[in-house]
Amino acid sequence: MNRAPLFQAARSAALPAVAILIIGYFAGSALVGPNGLLALGGYRSELARKSQELHRMEAVRARLSHHARLLDPSRVDPDFGEELVRKSTGQVRPDEIIIPRN
């Protein structure tokens with residue numbers, strides 16, 4: 001029986017086979033992994049969604065900043081102050097329309 005040449009061939013092929021498996025694993029991860037090329041479309045849609053959310057938050061921040069300027073203790077806007085007091089004390093009726101001056 002010539003098992004020695006067969007064993008020698010399997011032993012010499014083991015290292016290249018392991019190297020091919022490792023390379024295949026990393027290539028597969030680069031394509032279909034959580035950060036792979038196929039996940040790029042998901043990242044783009046998430047970026048678009050986050051950009052829209054950022055624009056909404058910037059608008060809310062600008063509105064709150066404007067309200068903070070109107071409530072500056074050194075010069076409170078009387079109309080805005082009255083509006084806030086009436087809202088907090090429940091004196092605003094549902095049919096009232098508040099028209100901002102600026």
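Up top you'll find the structure we're talking about.
Residues numbered from 1 in each chain as written. Predicted model: local features only at pLDDT ≥ 70, side-chain atom pairs only at ≥ 80, totals over all residues. Heavy atoms only, no water.

**What to know about the overall build of the protein**
The condition that has to hold: Strands here are runs of E lasting at least two residues and helices are runs of H or I lasting at least four, both read from the DSSP assignment and numbered beginning at the N terminus. Atoms considered for the radius of gyration are the C-alpha atoms alone. The globule rule reads 2.2 Å times the number of residues to the power 0.38. Burial here depends on accessible area, computed with a 1.4 Å probe over protein chains only, as a share of the maximum for the residue type. Under 20% is buried, over 50% is exposed, and the range in between is partly exposed. The accessible surface values rely on the Shrake-Rupley method and a 1.4 Å probe; as for residues, cover is taken only from the protein chains in view. Here the positive residues are Lys and Arg and the negative ones are Asp and Glu; neither His nor the chain ends is included. A single reference atom marks each charge: NZ on Lys, CZ on Arg, CG on Asp, CD on Glu.
Counting secondary structure elements, the protein contains three helices and zero strands. Order of helices (α) and strands (β) in the protein, N terminus to C terminus: α-α-α. Relative to the globule expectation of 13 Å for 102 residues, the C-alpha radius of gyration of the protein, 34 Å, shows a markedly less compact shape. Dimensions along the principal axes, computed over C-alpha positions, put the protein at roughly 105 × 30 × 25 Å. Counting over 102 residues, the protein shows a buried share of 7%. Carbon and sulfur atoms make up 64% of the accessible area of the protein, which amounts to about 9,200 Å² in all. Charge centroids of the protein, computed over 14 positive and 10 negative side chains, lie 17 Å from each other.

**Observations regarding the environment of Arg61**
Checked against the element boundaries, Arg61 lands in helix H2 (residues 40–70). In this structure Arg61 comes out as exposed when scored by relative accessible area, which is 67%. In this structure, the C-alpha to C-alpha distance between Arg61 and Leu6, residues 55 residues apart in sequence, is 74 Å.

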